[in-house]
Amino acid sequence: MAYDKMVSQIEQVKARNGIVIAIATEGDDAIADKSDHVIWVPEAPAMLYPVLTAIPLQLLAYHLAVRRGCDVDQPRNLAKSVTVE
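Residues numbered from 1 in each chain as written. Predicted model: local features only at pLDDT ≥ 70, side-chain atom pairs only at ≥ 80, totals over all residues. Heavy atoms only, no water.

1. Overview of the confidence of the model for the chain
Part 1: Here the chain shows a mean pLDDT of 88. Residues at 70 or above account for 89%.
Part 2: For the chain, the element scoring lowest by mean pLDDT is helix H4 (residues 80-83), at 58; strand E2 (residues 37-41) scores highest, at 94. (pLDDT = per-residue confidence, 0-100. Helix = DSSP H or I, 4+ residues; strand = E, 2+ residues; numbered from the N terminus.)

What follows is the structure, given as structure tokens:
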């Protein structure tokens, strides 16, 4: 059910000329055919997918921020309660 909705959302993004970077399990050709870029994760039990996908998403966010010229060591808009004890 959720997989079908995700494929539908990818198709809607592509219909609006968007770029799709998908995270998919190895061998998922349906997602690979509809996406511009795929980050592959190994097949695993469903309870491990949040951990398996969090790491590549953090790396993607880091590299995109560096490429955009953002200072990743000085993030903006953090509340003082987070940065000051």
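2. Thoughts on the pairing of E2
Part 1: Both strand E1 (residues 21-25) and E2 contribute to a ladder of five bridges, which runs parallel. Bridge assignment links Ile23 to a residue of E2, and that residue is Ile39.
Part 2: Following the backbone out of E1, through helix H2 (residues 29-34) and into the adjacent parallel E2, one traces a crossover that is right-handed. (Pairing = 2+ DSSP bridges. Right-handed = clockwise from strand over helix to strand, strands pointing away.)

3. Observations regarding unusual backbone geometry
Part 1: The phi dihedral of Asn17 falls on the positive side, at around 60 degrees, and the residue is not glycine.
Part 2: Within the element layout of this structure, Asn17 appears in the loop between helix H1 (2-15) and E1.

4. Description of helix H3 (residues 49-68)
Part 1: Taking 1.5 Å per residue as the helical rise, H3 with its 20 residues ought to reach 28 Å, and the 28 Å between its terminal C-alpha atoms agrees with that figure.
Part 2: Listed as buried for H3 are Thr53, Pro56 and Ala65.
Part 3: Contacts from the buried residues of H3 go to E1 and E2.
Part 4: With its phi angle positive at about 90 degrees, Gly69 sits one or two positions after the end of H3. (Expected span 1.5 Å × (residues − 1). Buried < 20%, exposed > 50% of the residue type's maximum accessible area, 1.4 Å probe, protein only. Contact = heavy atoms within 4.5 Å.)

5. Overview of the layout of surface pockets
Part 1: In this structure, the largest pocket spans a volume of roughly 310 Å³.
Part 2: Around the largest pocket, the lining is made up of 13 residues, and of these Tyr3, Met6, Ile23, Ala24 and Asp28 lie nearest the centre.
Part 3: Those elements that place two or more of their residues in the lining of the largest pocket are H1, E1 and H3.
Part 4: Its residues assigned to classes, the lining of the largest pocket shows 10 nonpolar, two polar and one charged. (1 Å grid on protein atoms, 1.4 Å probe; cavity = no way out; pocket = protein on both sides within 12 Å on 5 of 7 lines; lining within 4 Å. Points joined across faces, edges and corners; volume = space filled by probe spheres on them. Nonpolar A, V, L, I, M, F, W, Y, C, P; charged D, E, K, R; others polar.)

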